[in-house]
Amino acid sequence: MGWGDIQGHEAVKRVFQTHLASEQIASAYLLVGPDGIGKRMLAQEMAKALNCLAPSAQDRPCDACIPCRHIARHIHPDVHWLSPGGSSDQVKIDAVRQVLGRIALRPFSGRYQAVLLDGAHRLTEEAANSLLKSLEEPPAHTRFVLTTSQLSRCLPTITSRCQLVR
């Protein structure tokens, strides 16, 4: 799957492609929209584009190189997925701390480490507060892509540190 395979979201795809081409990639994006519209797919494509080996930014993601294929299969060592879980259906502090420990290291095989957080509104208060410093001052080789269907339930301190993409 590439940008062209995602139906709709033309403005969002243009924003991401422009940022990639100009190498002015925000440290954190927050994708906002209703459930089921493809926010996770957009986040995954951005992670692929960040680590794709295609020579031209406009050809990224290529879906043919090893990083693109590994990210699509959720087995890339530099792409970290966080999503709500457990009986409380929340993202807890232990999961956030584990990811923060991983991004403190240099990327293993990619250009960037990407943290894809699905359901930013489901962060516990402790998990959100733990994430704040890294969102504000991430390591140079790390990018965050968060998604939410309920912006009003996200901590204002989280949203203020992200580029909002509706």
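All of these numbers come straight from a predicted model, not from anything done at the bench.

Draft legend 1. Quick look at the pattern of salt bridges. Counted according to the given criterion, the structure contains 7 salt bridges. Note that K48 and E45 form a salt bridge whose closest N and O atoms lie 2.9 Å from each other. Linking K48 with E45, this pair stays in helix α2 (residues 39-51), spanning 3 residues, or about one helical turn. Using a relative accessible area of 1% as the deciding quantity, one classes K48 as buried. Judged by its relative accessible area of 0%, E45 is buried. Linking K133 and E137 is a salt bridge whose minimum nitrogen-to-oxygen distance equals 3.2 Å. Per residue, the accessibility class of K133 equals that of E137, and both read exposed. Where salt bridges share partners, they join E45, K48 and D63 into one cluster.

Draft legend 2. The arrangement of the packing of helix α1 (residues 10-22) against α2 in detail. At a minimum axis distance of 11 Å, the contact between α1 and α2 shows a crossing angle of 15°. Of the possible angle classes, the one that applies to α1 and α2 is roughly parallel. Viewed along their axes, α1 and α2 form a crossing whose handedness is right-handed. Residues V12, K13, F16 and L20 of α1 form the contact with α2, whose own contacting residues are L42, M46, A49 and L50. Of the residues contributing to the contact of α1 with α2, the split by class is 7 nonpolar, no polar and 1 charged.

Draft legend 3. Seen up close, the pairing of strand β3 (residues 113-118). Summarising burial for β3: 6 of the 6 residues are buried, a large majority. The alternating pattern of β3 places Q113, V115 and L117 on one face and A114, L116 and D118 on the opposite face, and all of these are buried. With respect to chirality, the unit in which strand β2 (residues 79-82) leads through helix α4 (residues 93-103) into the neighbouring parallel β3 is right-handed. Considered for its hand, the β-α-β crossover made up of β3, helix α5 (residues 125-136) and strand β4 (residues 142-148) is right-handed.

What counts as what
Residues numbered from 1 in each chain as written. Predicted model: local features only at pLDDT ≥ 70, side-chain atom pairs only at ≥ 80, totals over all residues. Heavy atoms only, no water. Salt bridge = Lys/Arg side-chain N within 4 Å of Asp/Glu carboxyl O. Helix = DSSP H or I, 4+ residues; strand = E, 2+ residues; numbered from the N terminus. Buried < 20%, exposed > 50% of the residue type's maximum accessible area, 1.4 Å probe, protein only. Axes fitted to C-alpha atoms, helices over the stretch in contact; angles between N-to-C directions. Parallel < 35°, antiparallel > 145°, perpendicular 65-115°, else oblique. Left-handed = near helix turned anticlockwise from the far one by under 90°. Contact = heavy atoms within 4.5 Å. Nonpolar A, V, L, I, M, F, W, Y, C, P; charged D, E, K, R; others polar. Right-handed = clockwise from strand over helix to strand, strands pointing away.

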